[in-house]
Structures are given as C-alpha cells and as structure tokens.
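Listed here are the chains, written in short residue letters.
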Amino acid sequence: MFTEKEILCELKISRTTLWRLKKKGLPCIKIGSSYRYNKSDVLDWIANNQQDKYLIDYFDTQQTSENLELQFSYQPTDSTISFNGYKKIKHSYKITIPYLLKHNEEHLNKLFTTHELNEFQQMLSGFNGKIQDDEAVRIFSNAYITILKKRHQTEHAEYDSKLDKFLTTTNNNLKIIWGDCFKALKKMKSESIHLMVTSPPYYNAREYSQWENLHAYLDDMRIIIRESYRVLDNHRVWVFNIGDVFDNDNLKTKSVWGKRRLPLGAYFIKIFEEEGFEFVDDIIWDKGEVESQRHKNSGINYPFYQYPVNCYEHILIFHKHRLDTNRIPCPICGSLNVNGNTQSEIGVQSWECKNDKCLERSPHNRGKRFSLRSNMMQDASKRISENYIDEFTIAKWRRDIVKFPPVIKIDKNGNNRVGHSAPFPKDIPEMAIKYFSYAGEKVLDPFAGSFTTAIVAKKLGRIGIGIEINKQMFESVIKKRISEEFNGEIELEEFTL
Ligand SMILES: C[S@@+](CC[C@H](N)C(=O)[O-])C[C@H]1O[C@@H](n2cnc3c(N)ncnc32)[C@H](O)[C@@H]1O
Ligand SMILES: [Zn+2]
C-alpha cells in the first residue's frame with residue numbers, strides 16, 4: 001500500500017487526478033488522518049477513466065530553466081509522452097524565491113510600505129534559486145507574515161524591549177517573570193505567545209487570593225483576559241482550568257452563612273466571549289473522590305440535608321480569531337493573486353488562489369482555498385515526530401469527561417509539599433501543549449504558581465514561560481521542583497518587573 005504522496009510520485013499523476021478518482025469511488029484505506037492506496041487499483045481506475053482530461057498531466061519539476069519567465073511558464077507540448085500506455089502532457093516549471101518576488105511584485109508594491117518592502121527583501125536576500133517549490137513557498141510566506149505581524153505589533157507601542165529580549169532569547173527555555181500578570185502582559189508584544197494554559201486564582205479560595213466581592217474578582221480577571229487576547233497569537237488557543245467554588249459572593253448574601261455555589265466556569269465563559277475569544281469546549285475534569293466532608297451532613301439521611309459536592313472542574317478551551325483581511329500567499333504556489341472568500345468562521349478570513357498556473361485545483365476546478373489558520377494547521381513541515389500526539393493521549397482525551405486525580409499536597413509526614421499553592425496536575429498542561437502548540441513555540445501561564453505549565457512545556461520541547469506575583473511563596477518551591485525535574489541540569493531564567 002502507498003501513501004498519497006508515494007502514489008503520486010510512483011505513478012506520476014497529479015493530486016487532482018487522484019481526488020477525482022477518489023470521488024468516483026477509488027478504493028483506499030484510511031489510517032489515522034491519511035489514506036493508503038493499492039497501486040494496481042489506482043492503475044485500473046486510471047485505465048477505466050481515461051476520458052478524464054485531468055488524467056493527462058503531471059508535473060516535472062526537474063526540467064527547469066534559469067530564465068525567470070520560463071521557469072514559471074506553463075508549457076503544454078504537442079509531443080505527448082507515454083507512461084504505462086497512457087498519454088500525458090508534460091509541463092515543467094519550478095518555484096524559487098527570486099521567482100516569487102518577481103511574480104508578486106505588483107501586489108508587494110501595493111501592500112507594503114517602502115520600508116516594509118526593503119525589510120522583506122532583506123529577509124529573503126540570502127535565498128537563491130536552489131530553494132524550490134514547497135520550501136520556497138514556505139520561506140516566502142513566513143517572511144511575508146512576519147512583516148504583517150510586525151505591522152500589527154507596532155499598534156501596541158507600550159512593550160518593554162528588555163522584557164521582550166528576555167522572552168525571545170533562547171537559553172534554557174524555562175522563564176519566569178516575577179510580578180503582576182496584568183502589568184507583565186501590558187509590557188509584552190502583541191501576538192507573541194503561541195499558547196496559554198492556566199488555572200487562575202479561584203475567588204477567595206485561598207488566604208492569598210481574597211477579593212471584596214465577586215464583582216471585584218471578575219473585574220480583575222477581565223482586564224487580564226483582555227490583555228491576554230492581545231498577546232496571544234492569532235488563531236491560537238487558551239486552555240483555562242477553573243472550578244466552581246462554594247462561597248459568599250458578598251453581593252446578594254453577606255452573612256458568613258451566605259455560601260452558595262458560584263459557577264465561576266460559567267462567568268468566565270461570558271467574560272472570555274465578551275473580550276473576543278471564541279468558546280470552543282468545556283472538558284469536565286472528574287477528580288474522583290473529594291477531600292471535603294461537607295456533603296456528609298452528619299449522617300442525616302433525610303430530604304433537604306443532602307448537598308452536592310464539588311468533584312469536578314472545567315477545562316475550558318478558547319480560541320482567538322482576530323479578523324485580519326490582509327491578503328496572504330497561496331500555500332501551494334506562493335502567489336498573492338488571491339481573492340477573498342466568504343469567511344469559514346467568524347474571524348477567519350478565507351482566500352482562493354487565482355493563479356492559473358497553481359498546482360492544485362479542486363475537483364470542481366476551483367483554485368486552492370485557504371486561510372491563515374488552515375495554512376498553519378496543514379503546514380507539512382510541522383508534521384514531525386516532535387509534534388506527533390501519541391495514541392495514549394488521544395485515547396485519554398477522547399471523551400469530554402476525563403478522570404484523573406488532583407495533586408495531593410500533603411505528604412506522608414503531614415507537610416504541605418508545594419507550599420500553600422493550588423497546583424493542577426500535569427495532565428492538563430500536557431494535553432493542552434500536545435494538542436495546541438508546536439515544538440519550539442512559546443507557552444505562557446500568567447498564573448504560574450508552582451510552575452507546572454512551564455515545566456511540562458519545557459519537557460515537551462516548547463519554551464515554558466510563567467508569571468507569578470507571589471515570589472516569596474513560590475521562589476524556593478519552583479527552584480526545588482526544577483532541580484528535581486531536570487536533575488539539577490537546568491536553571492530558571494528570571495525577570496523581575
Ligand atoms: C490556582 S494557582 C495556579 C496553580 C498552578 N497552575 C500550579 O500548577 O501551581 C494561581 C496562582 O496565581 C497567582 N496569582 C494571583 N494573582 C496573580 C497576578 N495578578 N499575577 C500573577 N500571578 C497571580 C497566585 O499567587 C497563584 O500562585
Ligand atoms: Zn495557488
């Protein structure tokens with residue numbers, strides 16, 4: 001059996017041909033998210049569908065010319081060549097960075113300022129014609145998107161260059177900012193973080209996290225969420241763990257007896273949506289048996305004495321989709337000759353390639369359709385082992401109720417192992433990081449606590465960043481933990497606001 005890529009290569013047919021046959025019922029086997037084909041089946045189907053004109057082309061990128069114009073010209077020749085008895089029209093071209101600069105010249109002049117264009121050309125100046133096709137398109141597109149991002153980042157001019165340097169210098173990839181996360185976020189560049197994973201302070205649940213009333217708490221959280229939206233990269237994710245609490249909201253009820261279930265999860269969803277995020281999922285973390293004795297009601301087994309108990313928490317998943325209508329290059333041919341399409345989702349601008357020499361067209365003969373989000377998700381260079389999600393993780397998080405134990409804080413001697421903190425188990429950041437980030441990217445926890453998120457991020461080959469306000473309580477806890485987790489080989493990089 002052959003993978004899609006292998007069969008295209010083996011039989012020298014175009015992807016469109018394969019798609020057309022598949023649409024008509026060509027047998028194939030689905031393994032994970034990819035398909036496998038039997039060579040003789042495909043050959044039979046080609047033979048039986050010869051009238052289909054899409055069957056008679058294939059791409060030969062070997063045959064190239066040094067002349068830029070010729071390099072990208074479609075050259076159907078009269079002399080058809082024979083392959084396994086079928087006739088094929090041959091055409092040849094290659095995509096290089098010099099070609100893409102020339103092909104897109106008009107659009108680039110229109111879209112970029114002179115300064116931006118200079119910077120863009122500078123970024124690409126080191127690449128000659130040797131880099132071709134997919135790789136050339138990727139390098140060109142990444143540079144192009146970097147320029148657009150820089151433009152967006154200048155809209156928030158308040159960022160602190162020292163902090164930025166701290167965050168962008170890659171040393172140990174385990175970084176903490178000591179201070180208030182609202183202030184820290186304010187000083188960070190827009191769209192400079194790839195994933196956020198956190199568990200915020202729960203309203204009045206600890207002696208160090210006390211607010212006058214529920215509104216004051218939610219107001220504080222709201223401005224942090226607003227700033228986080230700006231700092232999180234576009235089309236990226238925030239995984240937010242929160243439990244409901246039993247407490248006095250100090251609004252409706254004021255007496256010490258006025259405790260009620262405060263559905264913090266529900267309140268947060270509303271705030272996140274109002275601040276621009278899209279609510280995508282609510283995974284229930286089943287914590288199993290709980291420590292609390294509250295529900296036992298001193299053994300009064302009669303109506304109205306039975307209270308529910310808090311044995312689950314929410315793992316909320318939010319997406320950021322900031323609508324950006326700047327055109328982006330086609331991921332197949334690198335052309336900026338693209339038209340805006342209807343938005344696939346609110347906030348996700350979709351495009352259709354209009355370059356008639358593009359290598360990919362739909363079975364309905366439409367140009368390649370794509371968005372910033374689909375380009376990111378389908379980037380073949382990211383399909384590497386470091387980003388592969390193991391079967392165990394997939395199976396564990398298959399359902400949206402997932403059971404694993406909370407962190408037990410008291411050791412066998414009765415001592416609190418992680419200070420007075422409320423750490424979440426590694427399971428949460430592990431899932432979040434594997435599901436929603438690529439190796440080498442920046443993962444931020446603005447309420448770092450004992451630094452669980454950053455440690456897991458580092459272990460998974462990402463850059464782990466935390467912000468923690470309470471240095472006194474957490475400094476030694478964090479350093480001890482890092483030394484244990486990394487056998488004393490890695491040091492924490494610190495920045496104080
Ligand atoms: C629920 S704990 C996070 C626990 C963490 N996930 C862990 O595994 O240890 C919340 C943390 O947020 C910190 N915190 C509260 N307000 C903060 C703020 N404004 N800026 C930064 N950290 C803050 C608290 O000190 C506490 O450590
Ligand atoms: Zn294209």
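Above this text is the structure in question.
Residues numbered from 1 in each chain as written. Chains lettered and ligands numbered in written order. Predicted model: local features only at pLDDT ≥ 70, side-chain atom pairs only at ≥ 80, totals over all residues.

Moving on, we get to the overall build of the protein. Looking only at helices and strands, one finds 17 helices and 20 strands in the protein. In the protein, which comprises 497 residues, the share counted as buried stands at 28%. Within the protein, contacts between residues at least 6 apart in sequence are counted, and of these 68% link residues at least 24 apart. (Helix = DSSP H or I, 4+ residues; strand = E, 2+ residues; numbered from the N terminus. Buried ≥ 20, exposed ≤ 12 C-beta atoms within 10 Å, placed from the backbone. Contact = placed C-beta atoms within 7 Å.)

Attention now moves to the site of ligand 1. Around ligand 1, 19 residues are found, and the nearest of them are Pro423, Phe447, Gly449, Ser450 and Thr452. Listed by contribution, the elements that provide at least two residues to the shell around ligand 1 are α10 (181-186) and β19 (463-468). Residue classes in the shell around ligand 1 are distributed as 10 nonpolar, 7 polar and 2 charged. (Near = placed C-beta within 6 Å. Nonpolar A, V, L, I, M, F, W, Y, C, P; charged D, E, K, R; others polar.)

As summarised here, the arrangement of the 3 strands in space is β1-β3-β2, forming an open sheet in which the pairing is antiparallel. Here the strands that pair on one side only, and so sit at the sheet edges, are β1 (2-3) and β2 (29-31). (Pairing = 2+ DSSP bridges.)

The relative placement of two packed helices is expressed as an angle between their axes plus a distance between the axes. Packing of helix α7 (residues 114-124) against helix α8 (residues 133-153) brings their axes to within 10 Å, and their N-to-C directions diverge by 145°. Relative to α8, α7 is oriented so that their crossing is right-handed. Along the contact surface, α7 presents Glu116, Glu119, Phe120, Met123 and Leu124, while α8 presents Phe140, Ala143, Tyr144, Ile147 and Arg151. Its residues assigned to classes, the contact of α7 with α8 comprises 7 nonpolar, no polar and 3 charged. (Axes fitted to C-alpha atoms, helices over the stretch in contact; angles between N-to-C directions. Left-handed = near helix turned anticlockwise from the far one by under 90°.)

Next up on the list: the environment of Arg236. Relative to the helices and strands, Arg236 is located in strand β9 (residues 232-242). Sequence spacing of Arg236 and Met196 is 40 residues, and the spatial spacing of their C-alpha atoms is 8.7 Å. Apart from residues no more than four positions distant in its own chain, Arg236 is found in contact with His194, Leu195 and Lys320.

Moving on, we come to the packing of helix α15 (residues 427-436) against helix α16 (residues 452-459). One way to put it is that α15 packs onto α16 with a least axis distance of 9 Å and a crossing angle of 45°. When the axis of α15 is compared with that of α16, the two are oblique. Handedness of the crossing formed by α15 with α16: right-handed. Contact residues: Pro429, Glu430 and Ile433 in α15; Thr452, Thr453, Val456 and Ala457 in α16. Class assignment for the residues of the contact of α15 with α16 results in 4 nonpolar, 2 polar and 1 charged. (Parallel < 35°, antiparallel > 145°, perpendicular 65-115°, else oblique.)

In this section: the sheet that holds strand β12 (residues 278-286). A sheet is described by the order of its strands in space; here 9 strands give the open sequence β17-β12-β13-β9-β8-β18-β19-β7-β20, paired in mixed fashion. For this open sheet the edge positions go to β17 (401-403) and β20 (493-496), each flanked by a neighbour on one side alone. Each neighbouring strand pair of the sheet contributes to a mean axis angle of 20°, computed without reference to strand direction. With 4 bridges connecting them, strand β18 (residues 442-445) and β19 associate as parallel partners. Each bridged residue has a counterpart across the sheet, and for Lys442 the counterpart in β19 is Ile463.

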